[in-house]
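Structure at a glance
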Amino acid sequence: MLTDRHRIPKLSLLVAALVALCVWYAWQAQHHSVGYARCMSDPAAYDGHTVELALWRVESVEPEGYHIGGPTRSVPVLGPSAGLEPGWTISVVGRFDARQEALVEQWREVHHSRRHKAALGLLGLLSFVGYAGYHFRWRDGRLVLRA
Amino acid sequence: MPDAVTHLCSGLLAHIPWVPAAARRWAPVFVAGAVLPDILSRAPSTALSVVHSHWVPLPSLLLYCWGPLHLPSGILLYSLALTMLFPAVQRRTALVALLAGATLHVLLDLTQRHVGLGYPLLVPFSSRDFEWGLVGSEASVPWAPWFALVTLAVWGWLRWKKQPSTPGTPPEGEKDAHRPEAEG
């Protein structure tokens, strides 16, 4: 497996397998996991279903609840909104209410340090790029460690 | 999961007690293994989500496809692929170093608590998720700067220790460091 025999075909196969895995994963996430979108596709069938939304941004706050936004949609959540502010990152577990087409909050966590974590993520990425640039070289078609 | 700085520092420090000084030249590969799960999965996912939210609508496939690069099945595949870029005689060592670093990354991530959503470690064979839930998902943030300072101090000390005390003598731990590339 790790020899130079048929190196390019082996590398191509590995990359193809990885791409296939990622595509499959995305398809599963969209068609088999039960999120708000799935509940809204058939509200009666999913009434009472528990939905977990991790790391969504508070878009707006209303007296009876709030709206949170994710990568592809906005979700209304019914629950205590005192102290919440737009722009905050929160995770919510809620029960889908078909009549109100909203989630009824059961539990939530506010991620106050999310922005700091994102900044550390960027710093870590840049640091690693510099570190890798120092320690790795491309020589004669191979990746080698700096002597 | 811990932040990227914590993963980077953990990679830089974790191998030191276990790896002899002469083999420490492979540390960058171990560090790469410890950081790549986040760089290859979280970074593009986050960047594309920002693009989708603020500028250009993107296909859902592009937003949700990055997960396996943070899970054992994807880690194994890309580690094997990266290994194929090394000289043939070094691939076994490179693969071991990459996977060891990735194992450290996953173990650190499993300590965290996410809202009912752990890591589906057995994808594509099972969607069951796991996590130990010991600390919050931002628990590492206050400690990261101190961890970085400790890491810099340790590596600074290791570098200073490697300097020869008298001219002409090889640095400590370097006597057999210059082994030919014919190592497995």
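As the structure is a prediction and not an experimental result, all values here were calculated from the model. (Residues numbered from 1 in each chain as written. Chains lettered and ligands numbered in written order. Predicted model: local features only at pLDDT ≥ 70, side-chain atom pairs only at ≥ 80, totals over all residues. Heavy atoms only, no water.)

**A short note on the interface of chain A and chain B**
Put simply, the rule reads: Residue contacts are defined here by distance: any two heavy atoms, one from each residue, within 4.5 Å place the two residues in contact. Values labelled buried area give the accessible surface lost by two parts on being combined, using a 1.4 Å probe and summing over both. The working definition used for a salt bridge is a side-chain nitrogen of Lys or Arg within 4 Å of a carboxyl oxygen of Asp or Glu. What qualifies as a polar contact is a pair of N or O atoms within 3.5 Å, subject to a donor-acceptor requirement within protein and to the restriction that residues adjacent in sequence count only when both atoms come from side chains. For the purposes of this entry, the term helix denotes a DSSP run of H or I that reaches at least four residues, the term strand denotes a run of E that reaches at least two, and both are numbered from the N terminus.
Each partner contributes residues to the interface: chain A has 50 residues there, and chain B has 57 residues. Summed over both sides, the interface of chain A with chain B buries roughly 4,500 Å², with 75% coming from carbon and sulfur. When the buried area of chain A at its contact with chain B is split by residue, A:Leu2, A:Lys117 and A:Leu145 rank highest and sum to 15% of it. Joining chain A to chain B, the criterion identifies 2 salt bridges. The partner of A:Asp4 in a salt bridge is B:Arg91, with the nearest N and O atoms 2.6 Å apart. Counting across the interface, chain A meets chain B through 8 residue pairs in polar contact (both at pLDDT 80 or more). Elements supplying a minimum of two residues to the side of chain A that touches chain B: helix H1 (7-31), strand S1 (50-62), strand S4 (89-97), helix H4 (114-135), strand S6 (136-139) and strand S7 (142-145) of chain A.

**Focus on the nonpolar core**
The condition that has to hold: Here, the term nonpolar core denotes a set of buried Ala, Val, Leu, Ile, Met, Phe, Trp, Tyr and Cys residues that are joined through side-chain atoms within 4.5 Å. For the exposure calls, accessible area comes from a 1.4 Å probe over protein chains only, and a residue counts as buried if that area is under 20% of its type's maximum, exposed if over 50%, partly exposed in between.
By size, the foremost hydrophobic cluster in this structure holds 42 residues, and its most contacted members are A:Phe128, A:Phe136, B:Val29, B:Val31 and B:Phe86. Mapped onto this core, the elements with two or more residues apiece are H1, H4 and S7 of chain A together with helix H1 (4-14), helix H2 (27-54), helix H4 (72-83) and helix H5 (91-110) of chain B. Among the elements that make up this core, the one with the highest residue count is H5(B) (7 residues). Sequence-distant contacts of B:Val29, defined by excluding residues within four places in its chain, comprise A:Phe136, A:Leu145, B:Phe86, B:Ala94, B:Ala97 and B:Leu98. Ranked by size, the runner-up nonpolar core spans 17 residues in total, among them A:Trp56, A:Tyr66, A:Val75 and A:Ala98.

**Quick notes on the pairing of S6(A)**
Residue and element names in this part refer to chain A. To keep it simple, the criterion reads: Strand pairing requires that DSSP identify at least two bridges connecting the strands.
Of the strand pairs in this sheet, S6 and S7 are connected by 4 bridges, and their pairing is antiparallel. Within S7, the residue paired with arginine 137 across the bridge is valine 144. Where S6 folds back on S7, the antiparallel hairpin that results is connected by 2 residues, among which aspartate 140 adopts a positive phi of roughly 55 degrees.

**So, the side chain of B:His52**
Relative to the helices and strands, B:His52 is located in helix H2. Looking at B:His52, its side chain comes within polar contact range of the main-chain nitrogen of B:Leu58, at 2.8 Å.

**A look at H1(A)**
Stated formally: Multiplying one less than the number of residues by 1.5 Å gives the expected span of a helix.
Between its first and last C-alpha, H1(A) extends 36 Å over 25 residues, near the 36 Å set by a 1.5 Å rise per residue. Among all positions in H1(A), only A:Arg7, A:Lys10, A:Leu11, A:Leu14, A:Leu18, A:Leu21, A:Cys22 and A:Ala26 are buried. In this fold, the buried residues of H1(A) make contact with S7 of chain A together with helix H3 (60-64), H4 and H5 of chain B.

**Describing the sheet that holds strand S3 (residues 74-78) of chain A**
Strand pairs in the sheet, formed through backbone hydrogen bonds, run parallel or antiparallel to each other. Residues and elements named next belong to chain A. So the rule is basically this: Lines fitted to C-alpha atoms define the axes here, with helix axes fitted over just the stretch in contact, and angles between the N-to-C directions of these axes take values from 0 to 180 degrees.
On the basis of which strands lie adjacent, the closed barrel formed by 5 strands has the order S1-S2-S3-S5-S4 and mixed pairing. Between one strand axis and the next, the sheet turns by 55 degrees as a mean value, whatever way the strands run. In this structure, strand S2 (residues 65-69) lies alongside S3, joined through 5 bridges in antiparallel fashion. Its bridge partner being in S3, tyrosine 66 is matched across the sheet by valine 77.

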